[in-house]
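Listed below are the residues making up each chain.
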Amino acid sequence: MSDRYSLLILPGDGIGPEVMAEVVKVIDWLGAHRGMAFDVTQDLVGGAAYDAHGVPLTDATMAKAQAVDAVLLGAVGGPKYDVLDFAVKPERGLLRLRKELDLFANLRPAQCFDALADFSSLKREVVAGLDILIVRELTSGVYFGEPRGIHADDNGDNEGGRVGINTQRYTSGEIRRVARSAFELAKKRRGKVCSMEKANVMESGILWREETQWVHDNEFPDVELTHMYADNGLMQLVRQPRQFDVILTDNLFGDLLSDAAAMLTGSLGMLPSASLGAPMANGRPRAMYEPVHGSAPDIAGQGKANPIACILSFAMALRYSFGEGAAADALEAAVERVLAEGVRTADLMGPDGGTPVSTAEMGDRIVAALAAEA
Ligand code: NAI
Ligand code: MG
């Protein structure tokens, strides 16, 4: 490909810069050996941005994020910033990025690497070979719907005299756009979408079911679409997770389903994510990629962090933002190979011990395995 790929790297706080340094090794290797032209810019986010500028994300950084093909973020936050006002907390930087880029589709893969199958909370035979993708609507639903709040409610016999309100609200447009993302992704995978809601008890669930079916029938008739009640979906996820390819669901159910799916595959240090928005002028979706884990202040600065979650997040960028599916496959295969060789950061050590490698060593081994893939 002759395209240039523009990438804004925001390492953030705690272990963010440590794991991001390993991704930069991968980027440099792909540039030098696979002829990919990356235009990489680095900037500050979270506590690091607060320390330098008094805000967790400057307007200038936001403008850069708007201009690139993809944003890659490490992690934000740390005990030092817990005392800050809500408006300038590190998390606000992350939320501003998600909101202003309008990243409505959150992708959380749950992939079981064979070498780590015994880390799962489920039996090896249930999770071996697992490869599913949860697509969660991220910008609407009950976490955002109005009216909301806690109010006095002292009519009649309400003990305590208050009411707490949140509103699950979805428009057809919001459902259709995230459904399109899920169908597009399924086309590049095994061609199956299972949509989960509670159409049996929620009107927003009925609309969700009708609109996902509409998008399927009118735009993606070749992708298989099934519907499942979300409570049954969660049961199926822990009973027989390999029945799924892409799971499409709303913000609330997706929060629960994706956290449960994470436990099927083991350590937090292994889990990547992507958040996608509408297509830009060049046809690529607005996108931000980040590991699921946080800034891990308990191990920050010690060279102990597992860089794989961040490296796999970059593999998702290769696949979904840059159309480099073969390179993404090769990078994932390199991770699989290094794990199969028994290379482990401290978070992946079993009870029988062994000697863990450092963050930098894990990165070096993955780059070496990538070089050996071809
Ligand atoms: P955390 O994910 O940072 O850490 C939880 C546990 O997992 C810790 O014991 C940590 O050492 C371990 N861990 C996490 N990532 C690891 C990795 N790559 N390799 C090895 N071990 C790893 O969550 P926690 O402790 O609840 O939050 C710490 C800080 O991170 C807080 O300030 C929190 O607000 C922030 N945070 C930020 C997120 C983000 O930037 N997206 C997400 C979650 C938390
Ligand atoms: Mg959660």
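Residues numbered from 1 in each chain as written. Chains lettered and ligands numbered in written order. Predicted model: local features only at pLDDT ≥ 70, side-chain atom pairs only at ≥ 80, totals over all residues.

Peer 1: Pulling in residues and values, what's your account of the site of ligand 1?
Peer 2: For ligand 1, the set of nearby residues contains 21 residues, the closest of which are Gly77, Gly269, His293, Gly294 and Asn306. When the residues that make up the shell around ligand 1 are grouped by side-chain class, the tally is eleven nonpolar, seven polar and three charged. (Near = placed C-beta within 6 Å. Nonpolar A, V, L, I, M, F, W, Y, C, P; charged D, E, K, R; others polar.)

Peer 1: Give me helix α6 (residues 172-187): which residues, what numbers.
Peer 2: When the terminal C-alpha atoms of α6 are compared, their 22 Å separation across 16 residues agrees well with the 22 Å that a helix rising 1.5 Å per residue should span. Within the span of α6, buried status applies to Glu174, Ile175, Val178, Ala179, Ser181, Ala182, Phe183, Leu185 and Ala186. Residues of α6 that are buried make contact with β4 (105-111), β5 (131-137), β8 (192-197), α7 (203-219), β10 (246-249) and β11 (272-279). (Helix = DSSP H or I, 4+ residues; strand = E, 2+ residues; numbered from the N terminus. Expected span 1.5 Å × (residues − 1). Buried ≥ 20, exposed ≤ 12 C-beta atoms within 10 Å, placed from the backbone. Contact = placed C-beta atoms within 7 Å.)

Peer 1: Please set out the nonpolar core residue by residue, giving values where relevant.
Peer 2: Of all hydrophobic cores here, the largest spans 105 residues; its most connected members are Val135 and Ile311. With eleven residues, helix α10 (residues 308-320) is the largest single contributor of residues to this core. Split by domain, the residues of this core number at least three in each of domain 1 (1-123 + 265-374) and domain 2 (138-264). Excluding residues that lie within four positions of it along the chain, isoleucine 311 makes contacts with Glu22, Val23, Val26, Leu331, Val335 and Ile366. (Core = buried A, V, L, I, M, F, W, Y, C linked by C-beta atoms within 7 Å. Domains from an automatic or database assignment.)

Peer 1: Break down the pairing of β4 for me, with residues and values.
Peer 2: Across the seven residues that make up β4, a large majority, seven, are buried. Alignment of β4 against β11, held across three bridges, turns out to be antiparallel. If you follow alanine 105 over to β11, its bridge partner there is leucine 276. (Pairing = 2+ DSSP bridges.)

Peer 1: Explain the confidence of the model for the chain residue by residue, including any values.
Peer 2: Of the residues in the chain, 99% have a pLDDT of 70 or more, and the chain-wide mean is 95. For this predicted complex, the interface score ipTM comes out at 0.98, while the overall pTM is 0.93. (pLDDT = per-residue confidence, 0-100.)

Peer 1: Hey, could you go over the UniProt feature "site: Important for catalysis" (unreviewed entry) in the chain for me, with residue numbers and the actual values?
Peer 2: The sites that UniProt annotates as "site: Important for catalysis" (unreviewed entry) are Tyr143 and Lys198. Tracing the backbone through its elements, the reader meets tyrosine 143 in the loop between β5 and β6 (145-152). As for its position among the elements, lysine 198 is in the loop between β8 and α7. Discounting residues that sit within four places of it in the chain, lysine 198 has contacts with Gly205, Tyr229 and Ala230. (UniProt positions renumbered as here; feature names shortened; annotations may be inferred.)

Peer 1: Break down the domain arrangement of the chain for me, with residues and values.
Peer 2: Split by domain assignment, the chain resolves into domain 1 (1-123 + 265-374) and domain 2 (138-264). Relative placement of domain 1 and domain 2: their C-alpha centres are 26 Å apart. In this assembly, 17 residues from domain 1 lie in contact with twelve residues from domain 2. Take the side of domain 1 that touches domain 2: its biggest share by element is four residues, from β4. Residues of the side of domain 1 that touches domain 2, tallied by class, amount to nine nonpolar, five polar and three charged.

Peer 1: Go over the UniProt feature "domain: Isopropylmalate dehydrogenase-like" (unreviewed entry) in the chain with me, naming the residues and quoting the values.
Peer 2: Summarizing the sequence annotation, UniProt attributes the feature "domain: Isopropylmalate dehydrogenase-like" (unreviewed entry) to residues 6-366 in the numbering used throughout. Between the C-alpha atoms that bound residues 6-366 there is a distance of 23 Å. The span itself is 40% helix and 22% strand.

Peer 1: Lay out the packing of α10 against helix α11 (residues 325-340) with the relevant residues and their values.
Peer 2: Angle between the axes and distance between the axes are the two parameters that describe a pair of packed helices. In the contact formed by α10 and α11, the axes pass within 7 Å of each other and the chain directions differ by 160°. When the interaxial angle is binned, α10 and α11 end up roughly antiparallel. The two elements α10 and α11 meet at a crossing, and its hand is left-handed. Contacts between α10 and α11 pair Ile308, Ile311, Leu312, Ala315, Leu318 and Arg319 from the former with Gly325, Ala327, Ala328, Leu331, Glu332 and Val335 from the latter. Classifying every residue of the contact of α10 with α11 by side-chain character gives nine nonpolar, one polar and two charged. (Axes fitted to C-alpha atoms, helices over the stretch in contact; angles between N-to-C directions. Parallel < 35°, antiparallel > 145°, perpendicular 65-115°, else oblique. Left-handed = near helix turned anticlockwise from the far one by under 90°.)

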